[in-house]
Amino acid sequence: MQITEVKNYDEMSKKASEIIMKRIQDLPKPVLGLATGSTPEGMYKELVQVYVDGKISFSNTTTYNLDEYIGLPREDKNSYRFYMNDRLFSHVDISKEQTNVPNGMAKDLKEECNDYEESIKKSGGIDVQVLGIGVNGHIGFNEPGTSFQTATHVVNLAPSTIQANARFFESEKDVPKQAITMGIQSIMKSKEILLLISGAKKADAVYQLLHGEVSEVFPASILQQHPNVHLIADEAALSKVKENGMRSLR
Ligand code: GLP
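All residue numbers here refer to positions counted from 1 along the written sequence of the relevant chain. A pLDDT threshold of at least 70 governs which residues receive local features in this predicted model, and a stricter bar of 80 or more applies before side-chain atom pairs are shown or counted, although totals over entire chains, interfaces and linings include all residues. For the side-chain quantities, the full set of heavy atoms in the structure was used; hydrogens and water were omitted.

Asker: Residues and numbers for the pattern of salt bridges, please.
Answerer: Salt bridges are defined as contacts in which a side-chain nitrogen from Lys or Arg sits within 4 Å of a carboxyl oxygen from Asp or Glu. In total, this model carries 11 salt bridges according to the counting rule given. Between E118 and K121 there is a salt bridge; the shortest N-O distance is 3.9 Å. On the criterion of helical spacing, the pair formed by E118 and K121 is a turn pair, its members being 3 residues apart in helix α4 (residues 109–122). Residue classification places K121 among the exposed residues on the basis of a relative accessible area of 57%. Taken together, the shared-partner salt bridges connect E41, D86 and R87 into one network. Put simply, DSSP marks the helices as runs of H or I at least four residues long and the strands as runs of E at least two long, and each gets a number from the N terminus on. Burial status follows relative accessibility: with a 1.4 Å probe on protein chains alone, a residue under 20% of its type maximum counts as buried, one over 50% as exposed, and anything between as partly exposed.

This is the structure:
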């Protein structure tokens, strides 16, 4: 795993956007895997800016988002489809047909999951997958205990995830209890993974990610086995790793 330490959230966002910009410039038909949450927001802002500055075009880009809540219509401001339109898609030259977010309102959710997986395959696979991490080590919405063999599937959200995401909703009881997520296997198939982690509240997760054993108890640990992961983390997120590194040097 390649690790880049940056000072803070803004630097992480800038660095990440530069990498994505380069892939968009270099690949004839880039396929991006995208994430939601607070972590990539700054990166999307930067990407909109480089687009406005005329440095990139998204016209050949296809995107697949990691996950979506079940039961929220696309117009709901808490749906990940709304988030993506609002933070990126509506501000750049990408046609909505090239953007894919699982449909959490699908009548047949299983079929939706299979179709999503099939569509990723047809696109040629994800060139670069942007990832954040949950405090419990979830990636996408693959909660602790999820088999490493999963493709896109329906999940029950862990209580800690519902709690962590309640900040976006009026109250905790409004947070959906289920979601569709790309599976660990779908994520691991990406050719490159750009993992973004910021803030002291993720320090334990980063420590476990880098020093813990590879186990389904901590889903992100599987990334240790991916051949092309680039972690961009800020000082606060790396604080526990560095503290323990220093202790072992003493
Ligand atoms: C959410 C998303 C994840 C995201 C994680 C961390 O539940 N499903 O894809 O990485 O939580 O979110 P944040 O970046 O807001 O800390």
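Okay, back to it.
Asker: Summarise the site of the ligand; cite the residues concerned and give the values.
Answerer: Summary of the distance rule: residues count as near a molecule or strand when at least one heavy atom falls within 4 Å of that molecule or strand. The environment of the ligand is formed by 13 residues, the closest being S38, T39, D67, R167 and K202. Here S38 contributes a backbone N or O atom positioned 2.8 Å from an oxygen atom of the ligand. N165 is positioned with one of its side-chain polar atoms (N or O) 3.0 Å from an oxygen atom of the ligand. Considering the ligand on its own, with 390 Å² of exposed area, one finds that the protein chains cover 95% of that surface. Identification of polar contacts relies on pairs of N or O atoms within 3.5 Å, with a donor-acceptor requirement for protein atoms, meaning one able to donate a hydrogen and the other able to accept it, and with residues adjacent in sequence counted only if both atoms are side-chain atoms. Note that accessible areas follow from Shrake-Rupley with a 1.4 Å probe, and for residues the cover is restricted to the protein chains shown.

Asker: Now, about the packing of aromatic side chains: what can you tell me, with residues and values included?
Answerer: Classification of ring pairs rests on two measures: the distance between centres of Phe, Tyr or Trp rings, Trp counted by its six-membered ring, which must be within 6.5 Å, and the angle between planes, read as stacked under 30 degrees, edge-to-face over 60 and tilted in between. By the definition in use, this model includes 7 aromatic pairs. Centre to centre, the rings of Y51 and F58 are 6.4 Å apart; their planes meet at 65°, and the pair counts as edge-to-face. On the basis of relative accessibility, which here comes to 24%, the residue Y51 falls in the partly exposed class. Comment: the charge-over-ring label is applied if NZ (Lys) or CZ (Arg) is within 6 Å of the ring centre and within 35 degrees of the ring normal. Against the face of Y83 rests R87, its NZ or CZ located 4.2 Å from the ring centre.

Asker: Would you mind going over the packing of helix α1 (residues 9–26) against helix α2 (residues 41–52) in detail, with residue names and values included?
Answerer: Note on geometry: axes are C-alpha line fits, over the in-contact stretch for helices, and angles between N-to-C directions span 0 to 180 degrees. The N-to-C vectors of α1 and α2 enclose an angle of 50°; their axes lie 8 Å apart at closest approach. As judged from the angle between their axes, α1 and α2 are oblique. Crossing handedness for the pair α1 and α2: right-handed. Within the contact between the two elements, α1 uses Y9, S13, K14, A16, S17, I20 and M21 and α2 uses E41, G42, M43, E46, L47 and V50. Basically, the charged four are Asp, Glu, Lys and Arg, the nonpolar ten are Ala, Val, Leu, Ile, Met, Phe, Trp, Tyr, Cys and Pro, and anything else, Gly included, counts as polar. Residue classes in the contact of α1 with α2 are distributed as 7 nonpolar, 3 polar and 3 charged. Any angle that is under 35 degrees is reported as roughly parallel, and any over 145 degrees as roughly antiparallel; angles of 65 to 115 degrees are reported as roughly perpendicular and all others as oblique. Handedness of a crossing follows from how the near helix is turned relative to the far one, being left-handed for an anticlockwise turn of less than a right angle and right-handed for a clockwise one. Only heavy atoms enter the contact rule, under which two residues are in contact if any of them lie within 4.5 Å.

Asker: Lay out the sheet that holds strand β5 (residues 99–100) in plain terms, naming residues and giving numbers.
Answerer: Here we have 7 strands laid out as an open sheet, ordered β1-β10-β9-β6-β2-β3-β5, and parallel in their pairing. In the strand order of this sheet, the two ends are held by β1 (2–6) and β5, each with one partner. Summarising the sheet, strand β3 (residues 62–65) and β5 pair through 2 bridges and their orientation is parallel. Looking at β5, one finds that Y64 is bridged to N100. Each of β3 and β5 is contacted by α4, which is oriented at about 145° to β3, the strand it contacts most. A strand pair is defined by DSSP finding two or more bridges across the two strands.

Asker: Talk me through α4; I want residue IDs and the actual numbers.
Answerer: In an α-helix, one turn spans 3.6 residues; hence positions three or four apart end up facing the same way. When the terminal C-alpha atoms of α4 are compared, their 20 Å separation across 14 residues agrees well with the 20 Å that a helix rising 1.5 Å per residue should span. Of all the positions in α4, only E112, C113, Y116, E117 and I120 are classed as buried. Across the axial projection of α4, the buried residues extend over an arc of 130°, all falling on one side. Turned more than 90 degrees away from the buried face of α4 sit K110, K121 and K122, all of them exposed. Packing partners of the buried residues in α4 comprise β3, β5, β7 (153–156), β8 (178–181) and α6 (184–188). Multiplying 1.5 Å by the helix residue count minus one yields the expected span of that helix. Picture the helix axis, draw a direction to every C-beta atom, and the arc is the one those directions span.

Asker: Describe the nonpolar core, with residues and values.
Answerer: If you look at the biggest cluster of nonpolar residues, it comprises 57 residues, and the most contacted ones within it are I20, L47, L88, I197 and L223. It is α1 that contributes the most residues to this core, 6 residues altogether. In this view, I197 contacts M12, T39, I133, K202, V206, L209, L231, I232, A233, D234 and A237; residues no more than four positions away in its chain are not counted. Only buried residues count toward a nonpolar core. Its members are Ala, Val, Leu, Ile, Met, Phe, Trp, Tyr and Cys residues joined through side-chain atoms within 4.5 Å. Counting residues in each nonpolar core, the second largest holds 11 residues, with Y69, F141, V155 and F169 among its members.

Treat this as a map of the structure, not an account of what it does.
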